[in-house]
Amino acid sequence: MKKMQFKNLIRPSKQNSVTDTPDTSGDGPPQLPDDLSYGDAVGTGSHHSNSHPASPTNGSLSANGGYPGAGANPADSTFVNVPPSNGATNKTLFATNFWGETDMGLHVLMTRMKVGKHTSEEVQALFKERAAIEEDYGKRLKKLAKTFNAKEEIGTLRDSLDAVRAELEKTGQARLDLATEIRAKLEKPLADLIATQSGIRKSHNTTVKDHLKAKSAQIAAVQKIKERYETKCTEVDLLKQNRPGLAEKDIAKNKAKLEKTQTQAKHADQEYVGAVERLGEIHRRWEADFKVACMDCQRLEEDRFHFLRAGLWTYSNCLAGICITDDESCERIRTSLEQCDFDTDVNMFVQKSATGTEIPQPPQYTNFYTGTSERPSFSNQGTTSRHGSTSGGSISGPVASYSSAPQQQPEYTKSASTSSLQQNAPPYGSSPPDHEYNHRESVGNEYAYPSEKEREGLGSYGTIGREEERG
């Protein structure tokens, strides 16, 4: 019997031609500041790689690209034998496509990150529940292995039953190991990834939201200052207009008011310029931080994508491995069953439990007088008289020795008052007189005559039967 083969369970890995190193040449996105370094959180910053080793088991991702399987060394990753997938070719894809006058880019990105978190939590719940199921299954298999014990069986079939019990124990342990592996290699790293990415997302969300609030407030302040500045400039223009017919006194007042308004306009202009400059500074900080947030969101999405892909790949490999383990266990049982031989088992049983080869015989007849097994024969010829005398027949055999004694007359009653009736009893076959019937009734029915059928059945044995009844 051939064992089922599982082929191509683990595909060979191939070298990823796309690196995960951000493009920092030319007019690319600004470098991440130290206080917002993505490497601090996920172990991808080059200047933090020594102090924060990358490993999915401690909340970090792989050091090469931030996710397992993307050009990383399999020895440094929890997920081994996982073929890599290409990373993003454009590292600034998010950073160039989520702007706009309405500033809705942050909301869209954060919504996407939350959706990704919920998806990761669903996969984590899958790993957790599958591990619980495998653990319960393994415990029940081991319990079954303990209760299954065919100790009364013998021979080759006993060996096969013992093999079944041993394989139950091994299968149960394999299921428990699978549950432990799923928890250690899949569930816990994914939980760490979710926590890490949630922290990064919340940090960026808070920072960019603060910048947006500051920017909105400064825009409102600039607008207000601009309106005041424009008002003063309009007043200056009105005061500069020549109005004919004004008195010298009014011309002097108008001149003084013009100088004052010009001063106020100058201050408003300076204030307006300062507000615009402050708004520009706030805008630059918001733009830089939002670019960082966009790049980090893209990186987080890429890490999450590859992490889930590698984790599910490893999950399927684990299940394929347990299938191979189960098949190998079944193959060992089949091999043991092929060794079963009925002749061997039955011969072993006979040799161990045989009780003898002689068949016991039933008890035989033994004559009490002769001590032999010869049985007496009886002749049924002749007749027997009413008083026990035999004529025309004989009894042969040993019985004649004890039946040859003088025949005694049978007694039909135990009462002495009926002795005269016994002596005058009519012969067999004749009916007694009516007075005898009346006498029998008078004496309480103490004797009875045999009926016609009884007389016919007695024949020549009537005398012997009465003798045996009397003796």
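Rules of the game
Residues numbered from 1 in each chain as written. Predicted model: local features only at pLDDT ≥ 70, side-chain atom pairs only at ≥ 80, totals over all residues. Heavy atoms only, no water. UniProt positions renumbered as here; feature names shortened; annotations may be inferred. Helix = DSSP H or I, 4+ residues; strand = E, 2+ residues; numbered from the N terminus. Areas by Shrake-Rupley, 256 points an atom, 1.4 Å probe, with all protein chains shown as cover. Phe/Tyr/Trp six-rings, centres within 6.5 Å; stacked < 30°, edge-to-face > 60°. Buried < 20%, exposed > 50% of the residue type's maximum accessible area, 1.4 Å probe, protein only. Lys NZ or Arg CZ within 6 Å of the ring centre and 35° of its normal. Axes fitted to C-alpha atoms, helices over the stretch in contact; angles between N-to-C directions. Parallel < 35°, antiparallel > 145°, perpendicular 65-115°, else oblique. Left-handed = near helix turned anticlockwise from the far one by under 90°. Nonpolar A, V, L, I, M, F, W, Y, C, P; charged D, E, K, R; others polar. Core = buried A, V, L, I, M, F, W, Y, C linked by side-chain atoms within 4.5 Å. Salt bridge = Lys/Arg side-chain N within 4 Å of Asp/Glu carboxyl O. Polar contact = N/O pair within 3.5 Å; in protein donor to acceptor, adjacent residues only side chain to side chain. Contact = heavy atoms within 4.5 Å. Expected span 1.5 Å × (residues − 1). pLDDT = per-residue confidence, 0-100.

Under an unreviewed UniProt entry, the name given to the protein is F-BAR domain-containing protein, and the organism recorded is Rhizophlyctis rosea. Annotation of the protein in UniProt includes, under Subcellular location (unreviewed entry), the sentence "Cytoplasm, Cytoskeleton".

Engineer: Can you explain the overall build of the protein? Please cite residues and give values.
Structural biologist: On a plain count of helices and strands, the protein comes out with 10 helices and 2 strands. Element-wise, carbon and sulfur atoms account for 52% of the exposed surface of the protein, whose accessible area totals about 29800 Å².

Engineer: Lay out the packing of aromatic side chains with the relevant residues and their values.
Structural biologist: Taken as a whole and assessed by the stated rule, the structure comprises 7 aromatic pairs. Where Phe94 meets Phe98, the ring centres are 5.4 Å apart and the plane angle is 75°; that geometry is what we call edge-to-face. With a centroid separation of 5.4 Å and 85° between ring planes, the pair formed by Trp99 and Trp286 is classed as edge-to-face. Of the two residues, Trp99 sits in the loop between α1 (38-42) and α2 (105-147) while Trp286 sits in helix α4 (residues 248-338), which places them 187 residues apart along the sequence. Judged by its relative accessible area of 6%, Trp286 falls in the buried class. Positioned above the aromatic ring of Trp286 is the side chain of Lys215, whose terminal nitrogen or guanidinium carbon lies 3.6 Å from the ring centre.

Engineer: If you had to explain the packing of α2 against α4 to someone new, which residues and values would you point to?
Structural biologist: Contact geometry of α2 with α4 gives a least axis separation of 11 Å together with a crossing angle of 20°. Between α2 and α4, the interaxial angle falls into the category roughly parallel. Note on packing geometry: the crossing formed by α2 with α4 is left-handed. Residues belonging to the contact of α2 with α4 are distributed by class as follows: 15 nonpolar, 5 polar and 4 charged.

Engineer: I'd like to hear about the nonpolar core, residue by residue, with values.
Structural biologist: Ranked by internal contacts, the top residues of the largest apolar core, which has 17 residues, are Val123, Phe127, Leu178, Ile182, Leu186, Leu190 and Tyr315. Going through the elements one at a time, α2, α3 (155-240) and α4 are the ones with two or more residues in this core. If one sorts the elements of this core by residue count, α3 sits on top with 8 residues. Counting residues in hydrophobic clusters, the runner-up holds 16 residues, among them Ile200, Leu212, Phe290 and Ala293.

Engineer: Can you tell me about the pattern of salt bridges, naming the residues and giving the values?
Structural biologist: By the definition in use, this model includes 23 salt bridges. For Lys117, the salt bridge goes to Glu121, with nearest N and O atoms at 4.0 Å. Here Lys117 pairs with Glu121, and both are found in helix α2, just 4 residues apart, close to one helical turn. Lys117 gets classed as partly exposed once you look at its relative accessible area, which sits at 24%. A residue is classified by how much of its surface remains accessible, and Glu121, at 32% relative accessible area, is partly exposed. Where Arg284 meets Glu281, a salt bridge forms, and the shortest distance between an N and an O atom there is 2.8 Å. Taken together, the residues Arg284 and Glu281, both in helix α4 and 3 residues apart, mark about one turn of the helix. What makes Glu281 partly exposed here is its relative accessible area of 34%. Look at the salt bridges and you will find they share partners, linking Arg130, Glu134, Arg175 and Asp326 into a network.

Engineer: For the side chain of Asn367, give the residues involved together with the corresponding values.
Structural biologist: Among the structural elements, Asn367 can be located in the loop between α5 (342-353) and β1 (383-384). For Asn367, a relative accessible area of 5% gives the class buried. Within the structure, Asn367 has its side chain in polar contact with the backbone nitrogen of Thr370 (distance 3.2 Å).

Engineer: Any details on the environment of His211? Residues and values, ideally.
Structural biologist: Along the chain, His211 turns up in helix α3. C-alpha of His211 to C-alpha of Arg285: the two residues are 74 residues apart in sequence and 7.3 Å apart in space. Ignoring sequence-local partners within four residues, the contact set of His211 consists of Ile282, Arg285, Trp286 and Asp289.

Engineer: Explain α5 to me, and be specific about the residues and the numbers.
Structural biologist: Under the 1.5 Å per step criterion, the end-to-end length of α5 is 16 Å for 12 residues, consistent within 8% with the ideal 16 Å. Two or three places before Asp343, at the opening of α5, Asp341 has a side-chain oxygen 3.4 Å from that residue's backbone nitrogen.

Engineer: Residue-level account of unusual backbone geometry, with values.
Structural biologist: Generally, phi is negative for residues other than glycine and the peptide bonds are trans, each holding for most cases. Despite not being glycine, Asp103 shows a phi value in the positive range, around 55°. Tracing the chain through its elements places Asp103 in the loop between α1 and α2. On the basis of relative accessible area, Asp103 is assigned to the partly exposed category, the value being 24%.

Engineer: Got a sec to walk through the packing of α3 against α5? Specific residues and values, please.
Structural biologist: The interhelical angle for the contact between α3 and α5, taken along N-to-C directions, is 110°, at an axis separation of 6 Å. One way to sum up the angle between α3 and α5 is to call them roughly perpendicular. Residue-level inspection shows Gly155, Thr156 and Leu157 of α3 in contact with α5, the latter providing Thr344, Asp345 and Met348. Broken down by class, the residue content of the contact of α3 with α5 amounts to 2 nonpolar, 3 polar and 1 charged.

Engineer: Any details on the confidence of the model for the protein? Residues and values, ideally.
Structural biologist: Taken over all residues, the pLDDT of the protein has a mean of 73, while the share at 70 or more is 62%. Confidence, read as mean pLDDT per element, is least for α1 in the protein (35) and greatest for α2 (95). Across residues 1-77, confidence stays below pLDDT 50; counting only partners more than four residues off in sequence or on other chains, it has 139 contacts. Segment residues 435-447: pLDDT under 50, and 21 contacts once partners within four positions in sequence are set aside and those in other chains are kept.

Engineer: Tell me about the environment of Lys114, and name the residues and values.
Structural biologist: One can find Lys114 in helix α2. Assessed through its relative accessible area of 42%, Lys114 is described here as partly exposed. As for Lys114 and Ser198, which are separated by 84 residues in sequence, their C-alpha atoms are 8.4 Å apart.

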